[in-house]
Amino acid sequence: MTLTDGRRPGSQGVAADHVSLRRNNLSVVLRHVRDLGPRSRARIAADTGLNKATVSSLVAELVERGLLREGSADSSRALGRPGQLVELDGTGVYGVGAEINVDYLAVAALDLAGDPVLEKRVPMDTAHLDPGTTLDQLAELVREAVAVVQTRGGQVAGVTLAVPGLVEGETGELKVAPNLGWGELSVAQEMRTRLGEPTYPLRVDNEANLATLAAYAELRRTEDRTSGGKNSKNGKNSSNTENGTGGSVHDLVLLTGAVGVGGGMVSGGHLLRGGHGYSGEVGHMPVAPAGRTCGCGRTGCWETVVGLSALLHKATDSDDPVRDPSLDVEQRLAEITRRAEAGDTRTLSALQDVGTWLGIGGAILVNILNPDVLVLGGYFAVLGPWLEEPLEKAIRERVIAPDGGGCRIVRSELGFAAAVRGGAQISLDRVFVDPTMIGAVR
């Protein structure tokens, strides 16, 4: 018996399985080159277990799609004719990340290799603007990033928006953003409308989660460079940014500070989102019950004692220019740094106090999660030289496990670009999971 199109029963399922298998193998090869750098076809075959003919076919398709390109000759071969290395082609596909924060908007575009082709931050007092005005301005930044990609002849793999609040990931619905005063807003749909219903995927995520993914990728790259790639098990690392790594760090907590305080957690190489995707709101841990009222309406949240507003309240007078939200946050922090370096007593006292409170809350997280690394991001990283000593002291005193549970503290080098870079990287991750979403280069 045959079907009307001449194929035997079940052949459609076999064909679908073949397509799925090939898509998976394309992903394996592309992620392998991303994680371990330029490789010859023979080396890819040896590392992944795929046969050489299959690898050659897969590489040819990835080159045709503009995701890989031919590199230099493989000089590592001692005998025989040197093979040709293949490497990521960073010229054709880009991810875009954009961020709404309390006192700025930002955007970034990364190529497939993770290198930025655009990074821009605009000071803006968004906490005192209505959501529509803020989203209008953010849409302008996204259009600017897309235009940069298009002028380079590239394709946008996706846009990811970072917001400082609780986000329902599947729908892009913002439930609440206390420091913005926003609630129950479909940010994803609002942005799609402003961008003219674009063909590229658009998603919304919590800014701390995205910053965590960027910090995790940064730490992984740093440690792999330091170890010469030996952190990757058996020379293999085929996981994507959100779902794991072959590096030595598998458990991480990021604390990112601006006006608000956010946190992100990686456990066993996986980002912890929680049952409904609302994890990471560490800034609202109640640590000072008799303290100040938080933007969320509660009293004594952690961010009321360690957020940037708390530092400025302790270190400056109300008319001090560094409190002006229209100034770029890095300019304001540069002035705080200058005062600290000059030995200003009030500034140093405020930093000591914030560092101690940072350690008190950090110790709670270390006791619960026992991370390998506690990463300081945002303004915590900028002022880390003054925050780390009281932070480490409080953690040593309050973590029950010996030697602070083995947790080390590092400063992220991404600054205030972490969330937009994480958003751009998540957009690119879709390509590494399914390279067939990118059409062949014409």
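Since the structure is predicted, the reported quantities are computational estimates derived from the model, not experimental observations. (Residues numbered from 1 in each chain as written. Predicted model: local features only at pLDDT ≥ 70, side-chain atom pairs only at ≥ 80, totals over all residues. Heavy atoms only, no water.)

Undergrad: Can you help me understand the sheet that holds strand β4 (residues 93-101) in this one?
TA: Across a sheet, strands are paired by hydrogen bonds formed along the backbone, either parallel or antiparallel in direction. What the five strands build is an open sheet, ordered β6-β5-β4-β7-β11; its pairing is mixed. Here the strands that pair on one side only, and so sit at the sheet edges, are β6 (116-123) and β11 (202-206). Direction aside, neighbouring strands of the sheet carry axes that sit 15° apart on average. Examined bridge by bridge, strand β5 (residues 104-111) and β6 share seven bridges and lie antiparallel to one another. Bridge pairing in β6 places A106 opposite R121. Lying on the sheet, helix α13 (residues 418-433) is in contact with β4, β5, β6, β7 (155-163) and β11; it crosses β4 at an angle near 145°. (Pairing = 2+ DSSP bridges. Helix = DSSP H or I, 4+ residues; strand = E, 2+ residues; numbered from the N terminus. Axes fitted to C-alpha atoms, helices over the stretch in contact; angles between N-to-C directions. Contact = heavy atoms within 4.5 Å.)

Undergrad: Is there a simple way to explain the nonpolar core in this structure?
TA: Note on soluble globular proteins: their nonpolar side chains tend to be buried together. By size, the foremost hydrophobic cluster in this structure holds 45 residues, and its most contacted members are L255, W302, L358, Y379 and F380. Examining the composition of this core, we find that seven residues originate from one element, helix α10 (residues 345-369), more than from any other. Not counting chain neighbours up to four residues away, the residues in contact with L255 comprise G262, V282, W302, L358, L365, L374, V375, L376, G377 and F380. Ranked by size, the runner-up nonpolar core spans 36 residues in total, among them I100, L105, L174 and L195. (Core = buried A, V, L, I, M, F, W, Y, C linked by side-chain atoms within 4.5 Å. Buried < 20%, exposed > 50% of the residue type's maximum accessible area, 1.4 Å probe, protein only.)

Undergrad: Would you take a moment to explain the packing of aromatic side chains for this structure?
TA: Centre-to-centre distance and the angle between the planes together describe a pair of aromatic rings. Under the counting rule described, the total for this entry stands at two aromatic pairs. A cation over a ring is seen here: R34 above F432, with NZ or CZ 4.5 Å from the ring centre. (Phe/Tyr/Trp six-rings, centres within 6.5 Å; stacked < 30°, edge-to-face > 60°. Lys NZ or Arg CZ within 6 Å of the ring centre and 35° of its normal.)

Undergrad: Would you mind showing me how to read the environment of N179 here?
TA: Structurally, the position occupied by N179 is in the loop between β9 (173-177) and β10 (182-186). Separated by 81 residues in the primary sequence, N179 and G260 place their C-alpha atoms 6.8 Å from one another. Other than its neighbours up to four places away in sequence, N179 contacts V102, A127, G260, G295 and E303. Looking at N179, its side chain comes within polar contact range of the side chain of E303, at 3.1 Å. (Polar contact = N/O pair within 3.5 Å; in protein donor to acceptor, adjacent residues only side chain to side chain.)

Undergrad: Sorry, what's going on with the packing of helix α2 (residues 41-48) against helix α3 (residues 52-64) here?
TA: Any two packed helices are characterised by the angle at which their axes cross and by the distance between the axes. One way to put it is that α2 packs onto α3 with a least axis distance of 9 Å and a crossing angle of 120°. Taken together, the axis directions place α2 and α3 in an arrangement best described as oblique. Taken as a pair, α2 and α3 cross one another with a handedness that is right-handed. In contact with R41, A42, I44 and A45 of α2, α3 contributes K52, V55, S56 and V59. Grouping the constituent residues of the contact of α2 with α3 by class yields five nonpolar, one polar and two charged. (Parallel < 35°, antiparallel > 145°, perpendicular 65-115°, else oblique. Left-handed = near helix turned anticlockwise from the far one by under 90°. Nonpolar A, V, L, I, M, F, W, Y, C, P; charged D, E, K, R; others polar.)

Undergrad: Even after reading the chapter, I still don't get the pattern of salt bridges, so can you show me in this structure?
TA: Side-chain pairs of opposite charge can arise where the charged atoms are in close proximity. All chains considered together, the criterion is met by 28 salt bridges. The residue R41 makes a salt bridge to E70 at a minimum N-O spacing of 2.6 Å. Taken as a pair, R41 in helix α2 and E70 in strand β2 (residues 68-73) lie far apart in primary sequence, 29 residues in all. By relative accessible area, E70 is classed as partly exposed at 42%. Its salt-bridge partner being K120, residue E144 comes within 3.0 Å of it at the nearest N-O pair. Placement of the pair is E144 in helix α4 (residues 131-151) and K120 in strand β6, with a sequence separation of 24 residues. According to the relative accessible area criterion, E144 is partly exposed, its value standing at 30%. Residues joined by salt bridges that share partners form a network here, namely D320, E335, R338 and R339. (Salt bridge = Lys/Arg side-chain N within 4 Å of Asp/Glu carboxyl O.)

Undergrad: Even after reading the chapter, I still don't get the state of the cysteines, so can you show me in this structure?
TA: Such a bond, covalent and formed between the sulfur atoms of two cysteines, is termed a disulfide. A complete count under the given rule lists zero disulfides for this structure. With no disulfide of its own, C294 lies 3.7 Å from the sulfur of C296, the closest cysteine sulfur. Looking at C296, it has no disulfide partner, and the nearest cysteine sulfur is the one in C301, 3.7 Å off. (Disulfide = S-S within 2.5 Å.)

Undergrad: Which parts of the structure should I look at to understand the pairing of strand β12 (residues 252-257)?
TA: With respect to burial, β12 is a largely interior element, six of its six residues being buried. Residues of β12 alternate between two faces, with L252, L254 and T256 on one and V253, L255 and G257 on the opposite face, all of them buried. Pairing geometry for β12 and strand β13 (residues 261-267), over six bridges, is antiparallel. Bridge assignment links G257 to a residue of β13, and that residue is V261. Hairpin connection, β12 to β13: the antiparallel pair is bridged by three residues. Note: β12 against strand β15 (residues 373-377), five bridges, orientation parallel. Residue pairing in the sheet places L255 in a bridge with L376 of β15.

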